[in-house]
Amino acid sequence: GEEVAQTPKHLVRGEGQKAKLYCAPIKGHSYVFWYQQVLKNEFKFLISFQNENVFDETGMPKERFSAKCLPNSPCSLEIQATKLEDSAVYFCASSHRVLNTEAFFGQGTRLTVV
Amino acid sequence: LAKTTQPISMDSYEGQEVNITCSHNNIATNDYITWYQQFPSQGPRFIIQGYKTKVTNEVASLFIPADRKSSTLSLPRVSLSDTAVYYCLVGDKLTGGGNKLTFGTGTQLKVEL
């Protein structure tokens, strides 16, 4: 598709429950990124993929967060045993392969942990 | 990664030109300067990117002085729909599309009638 599609748009989970977010990147884009926006303007990089391979996972809280990008499937970000502090908007972005730092963002998934 | 500093907020009126300046004193030789725009409840959207001097597209202009320690995003004749948060980012373009973006706190631009 011509836009990054994220589902669901909103997700509410009780503390300790699992949350799974999905992202379909733009067709032909090799890189996929996940970002977390907690406070109004603050973005935190979580992880990026080059196709189905992890490219950079320096931002991932590995204890409870995991992510995958499998062939012919939407990418996913999963949070096990959610905590109140995981409440945020999670953005997925994709970009083309070479010499291009323009990233195309999805609309985000707002996760609320109660 | 070079840190960026920009004003937290700016106010303007429709039809005016808005200039948002970003400081990036420790920008590296390979770093490019990129601006993104974010509307409420949406993901950031690429506006413009440059390395030095001036870049112009259909949306904005980007002015970068010779020392590259700052840059100015210029929005000509703003309208209400330009009300958004504007982020200045600095990073290396040359290693390909997999580079993560480092967002600062952004500038909340509010345009009024």
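**Q** Now, about the environment of Leu-77 of chain A: what can you tell me, with residues and values included?
**A** Residues and elements named next belong to chain A. Residue placement: Leu-77 occurs in strand S8 (residues 75-79). We classify Leu-77 as buried; its relative accessible area is 0%. As for Leu-77 and Ala-103, which are separated by 26 residues in sequence, their C-alpha atoms are 18 Å apart. Setting aside residues up to four positions removed in sequence, Leu-77 forms contacts with Ala-19, Lys-20, Leu-21, Trp-34, Leu-46, Met-60, Phe-65, Ser-66, Ala-67 and Tyr-90.

**Q** So, the packing of aromatic side chains: which residues are in play, and what are the values?
**A** What the rule picks out here adds up to 16 aromatic pairs over all chains. With centroids separated by 5.7 Å and ring planes inclined at 65°, the aromatic side chains of Tyr-35 of chain A and Phe-45 of chain A adopt a geometry described as edge-to-face. Of the two residues, Tyr-35 of chain A sits in strand S4 (residues 31-37) while Phe-45 of chain A sits in strand S5 (residues 43-50), which places them 10 residues apart along the sequence. Note on Tyr-35 of chain A: relative accessible area 0%, which makes it buried. With 6.0 Å between their ring centres and 80° between their planes, Phe-105 of chain A and Tyr-36 of chain B make a pair best called edge-to-face. Residue Phe-105 of chain A is located in strand S10 (residues 104-105), and its partner Tyr-36 of chain B is located in strand S3 (residues 31-38); the two belong to separate chains.

**Q** Any details on the pattern of salt bridges? Residues and values, ideally.
**A** Pairing between side chains becomes possible if they bear opposite charge and their charged atoms approach one another. Residue and element names in this part refer to chain A. Inspection of every chain in the model, using the stated rule, returns four salt bridges over all chains. Two residues, Glu-78 and Lys-18, come together in a salt bridge whose shortest N-O distance is 3.9 Å. Taken as a pair, Glu-78 in strand S8 and Lys-18 in the loop between strand S2 (10-13) and strand S3 (19-24) lie far apart in primary sequence, 60 residues in all. Ionic pairing is found between Lys-62 and Glu-57, a salt bridge with its closest N-O pair at 3.9 Å. By relative accessible area, Lys-62 is classed as exposed at 55%. One continuous salt-bridge network, built from bridges that share partners, spans Lys-18, Lys-20 and Glu-78.

**Q** Quick rundown of the layout of surface pockets? Include the residues and the values.
**A** Considered as a void within the structure, the largest pocket measures approximately 450 Å³ in volume. Taken together, 26 residues line the largest pocket, and the ones lying closest to its centre are Gln-37, Val-89 and Arg-110 of chain A together with Pro-40 and Ser-41 of chain B. Among the elements of the structure, strand S9 (88-95) and strand S11 (109-113) of chain A together with strand S8 (84-92) of chain B are those that each provide at least two residues to the lining of the largest pocket. Sorting elements by how many residues they give to the lining of the largest pocket places S11 of chain A first, with four residues. By residue class, the composition of the lining of the largest pocket is 10 nonpolar, 13 polar and three charged. The computed volume of the second largest pocket comes to approximately 290 Å³. Contributing to the lining of the second largest pocket are 16 residues, with Phe-104 and Phe-105 of chain A together with Gly-43, Pro-44 and Arg-45 of chain B lying nearest its centre. Among the secondary structure elements, those contributing two or more residues to the lining of the second largest pocket are S10 of chain A together with strand S4 (45-50) of chain B. In terms of residue class, the lining of the second largest pocket is made up of eight nonpolar, four polar and four charged.

Conventions used here
- Residues numbered from 1 in each chain as written.
- Chains lettered and ligands numbered in written order.
- Predicted model: local features only at pLDDT ≥ 70, side-chain atom pairs only at ≥ 80, totals over all residues.
- Heavy atoms only, no water.
- Helix = DSSP H or I, 4+ residues; strand = E, 2+ residues; numbered from the N terminus.
- Buried < 20%, exposed > 50% of the residue type's maximum accessible area, 1.4 Å probe, protein only.
- Contact = heavy atoms within 4.5 Å.
- Phe/Tyr/Trp six-rings, centres within 6.5 Å; stacked < 30°, edge-to-face > 60°.
- Salt bridge = Lys/Arg side-chain N within 4 Å of Asp/Glu carboxyl O.
- 1 Å grid on protein atoms, 1.4 Å probe; cavity = no way out; pocket = protein on both sides within 12 Å on 5 of 7 lines; lining within 4 Å.
- Points joined across faces, edges and corners; volume = space filled by probe spheres on them.
- Nonpolar A, V, L, I, M, F, W, Y, C, P; charged D, E, K, R; others polar.

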